[in-house]
Amino acid sequence: MKFMLVVTFCSFLTGECPVQFYDDTIYEDWSSCMKEGINKSQGLIDGMEKDVINKLQVAPKFMCYETKVDLV
């Protein structure tokens, strides 16, 4: 099985999740997708302004979805 990573940013204040990041990389297994989900989430949240994170109580969440299609 192969997997595609989707990272979503949610506001724990409003409950909304308006921002999604789709990684066009296809991961060969669940483990590599999960590990990259942690890395990408960290990198993306590091790129956000502290005031925005605090004001909206922003947090990333991510999921690896099974895919049968190789994206190129």
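To keep things clear, this report deals only with the structure shown in the data block. Predicted, not measured: the structure shown is a model, and the values here were computed from it. (Residues numbered from 1 in each chain as written. Predicted model: local features only at pLDDT ≥ 70, side-chain atom pairs only at ≥ 80, totals over all residues. Heavy atoms only, no water.)

Turning next to the overall build of the chain. Looking only at helices and strands, one finds two helices and three strands in the chain. Reported as C-alpha extents along the three principal axes, the dimensions of the chain are approximately 40 × 20 × 20 Å. Expressed as a percentage of its 72 residues, the buried residues of the chain come to 26%. Within the chain, contacts between residues separated by at least 24 positions form 66% of all contacts whose residues are at least 6 apart in sequence. (Helix = DSSP H or I, 4+ residues; strand = E, 2+ residues; numbered from the N terminus. Buried < 20%, exposed > 50% of the residue type's maximum accessible area, 1.4 Å probe, protein only. Contact = heavy atoms within 4.5 Å.)

Turning our attention to the layout of surface pockets. Within this model, the largest pocket holds a volume of roughly 170 Å³. Per element, the largest residue contribution to the lining of the largest pocket is three residues, and it comes from strand β1 (residues 2-11). Grouping the constituent residues of the lining of the largest pocket by class yields seven nonpolar, two polar and one charged. (1 Å grid on protein atoms, 1.4 Å probe; cavity = no way out; pocket = protein on both sides within 12 Å on 5 of 7 lines; lining within 4 Å. Points joined across faces, edges and corners; volume = space filled by probe spheres on them. Nonpolar A, V, L, I, M, F, W, Y, C, P; charged D, E, K, R; others polar.)

We now examine the side chain of T8. Within the element layout of this structure, T8 appears in strand β1. The buried category is assigned to T8, whose relative accessible area is 8%. Within the structure, T8 has its side chain in polar contact with the side chain of Q20 (distance 3.4 Å). Not counting residues up to four positions away in its chain, the partners in contact with T8 are C17, V19, Q20, A59, P60 and K61. (Polar contact = N/O pair within 3.5 Å; in protein donor to acceptor, adjacent residues only side chain to side chain.)

By themselves, these observations are geometric and do not establish any function.
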